[in-house]
Amino acid sequence: MCLPKTKKCPYCNKIIEGRTDKIFCDDRCRNNFYYKVNNEQKTFIRKINSVLLKNRGILRSLNPSGRTSVPKACLEELGFDFNCFTSIHTTRKNRDYYLVYDQAYSIEPDGERVSLVVFYRDSQAVVG
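Counting starts from 1 at the beginning of each chain's written sequence and moves along it residue by residue. Confidence filtering applies because this is a predicted model: local features only for residues at pLDDT of at least 70, side-chain atom pairs given and counted only at 80 or more, and all residues used for totals across whole chains, interfaces and linings. Only hydrogens and water are set aside when side-chain values are computed; all heavy atoms of the structure are taken into account.

1. Some words on the overall build of the protein
For the protein, the helix and strand inventory stands at two helices and seven strands. Comment: elements are numbered from the N terminus, with helices defined as DSSP H or I runs of at least four residues and strands as E runs of at least two. The secondary structure elements of the protein, listed N-terminal to C-terminal, are α-β-α-β-β-β-β-β-β. A compact globule built from 128 residues would reach a C-alpha radius of gyration of about 14 Å, whereas the protein, at 25 Å, exceeds it by more than 25%. Its C-alpha atoms give the protein principal-axis dimensions of roughly 80 × 30 × 25 Å. Relative accessible area decides the class of each residue, using a 1.4 Å probe on protein chains only: under 20% of the type maximum gives buried, over 50% gives exposed, and in between gives partly exposed. Looking at the protein as a whole, 25% of its 128 residues are labelled buried. Our radius of gyration is a C-alpha quantity, and the globule rule it is checked against amounts to 2.2 Å times the number of residues to the power 0.38.

2. Some thoughts on a nonpolar patch on the surface
Patches in this entry comprise residues that are over 30% relatively accessible and not in a salt bridge; like charges within 9 Å are linked, as are nonpolar side chains (Val, Leu, Ile, Met, Phe, Trp, Tyr) within 5 Å. Methods summary: accessible areas were calculated by the Shrake-Rupley approach with a probe of 1.4 Å, and residue burial reflects only the protein chains presented. The salt bridge criterion pairs a side-chain nitrogen of Lys or Arg with a carboxyl oxygen of Asp or Glu, the two atoms within 4 Å. A contiguous nonpolar patch, built from Phe44, Ile45 and Ile48 and spanning about 280 Å² of accessible area, is present on the exposed surface. Relative to the elements of secondary structure, Phe44 occurs in helix H1 (residues 27-62). Note on Phe44: relative accessible area 54%, which makes it exposed.

3. Some words on unusual backbone geometry
Leave glycine aside and you will find that most residues have negative phi; peptide bonds, for their part, are mostly trans. In this structure, Asn13 takes a positive phi of about 70° despite not being glycine. Summarising the element assignment, Asn13 is placed in the segment before H1. Here Asn13 falls in the exposed class, since its relative accessible area comes to 54%. The phi angle at Tyr101 is positive, at roughly 60°, despite the residue not being glycine.

Structure representation (structure tokens):
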């Protein structure tokens, strides 16, 4: 004679009682399980967003007029992370602008200066 297989809660390992399609023993275990699963991803996303927001703040503070050029060393001193941006826009003249949300920068050919522009103004691209 076959005995019915007992299911255990994936969070606390208690035997599950009640409906046959039940996965967790109670709501607390279900919530804790999914919180633990999703927490690692959310932590990673929060770290990236933090860097992006810091980069955007630096660009905005150095570019109040909407278009300027600053020494690359100035950005580095303020803790700007050149590896973290939201997208890349290549102009018709084949120049890459790295966007951090609405702020954009392009490293000059000499590598010493960085051009800063506000990329979007009133939902329209400013850089051609």
